[in-house]
Amino acid sequence: MYRNNEGISDPTPGQAISNIRWEELQKEREKEYGLKRGQKITVKLVDQTEPHGKTKTKFKTYRIIELYKHCVLLADEHGSRTAPPYTKLRRMMQK
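Residues numbered from 1 in each chain as written. Predicted model: local features only at pLDDT ≥ 70, side-chain atom pairs only at ≥ 80, totals over all residues. Heavy atoms only, no water.

**What to know about the environment of Pro 84**
Right, on to step 1. For Pro 84, the location among the structural elements is in the loop between strand S4 (81-82) and helix H2 (86-93).
Right, on to step 2. Considered as a pair, Pro 84 and Gly 14 are 70 residues apart in the sequence and their alpha carbons are 31 Å apart.
Right, on to step 3. Filtering out sequence-adjacent residues up to four positions away, Pro 84 remains in contact with Cys 71, Val 72, Leu 74, Leu 89 and Met 92. (Helix = DSSP H or I, 4+ residues; strand = E, 2+ residues; numbered from the N terminus. Contact = heavy atoms within 4.5 Å.)

Shown next as structure tokens:
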């Protein structure tokens, strides 16, 4: 807990430092993975529940919300969210 000069607890500086560090991490991940928050991406979804082993393929557009250590938070136009790992997202983005 951060304290001011009089010794009274002051959470504001701690929160500010935490937010700055989070932004730095986001920018590092954007650079590392070539993705940006707010970017729209189209992914290929394959549904294998069709009878007789047939597959159904459709394309869906997502917006990148956040980049985490092991996954990416995505949201579709209806607000539904998903968080695939980076490796799975790369496969989904390949057309």
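**Quick word on the environment of Arg 90**
Right, on to step 1. Counting through the fold element by element, Arg 90 comes out in helix H2.
Right, on to step 2. Its relative accessible area of 38% is what places Arg 90 among the partly exposed residues.
Right, on to step 3. With sequence-adjacent residues up to four places away left out, Arg 90 is seen in contact with Tyr 33, Gly 34 and Leu 35. (Buried < 20%, exposed > 50% of the residue type's maximum accessible area, 1.4 Å probe, protein only.)

**Describing helix H1 (residues 11-33)**
Right, on to step 1. With 23 residues, H1 should reach 33 Å at 1.5 Å per residue; the first-to-last C-alpha distance of 33 Å fits that figure.
Right, on to step 2. Within H1 the residues assigned to the buried category are Gly 14, Gln 26, Arg 29 and Glu 30.
Right, on to step 3. Elements in contact with the buried residues of H1: strand S2 (56-67) and H2.
Right, on to step 4. Taken from the residues just after H1, Gly 34 is the one with a positive phi, measuring 70°. (Expected span 1.5 Å × (residues − 1).)

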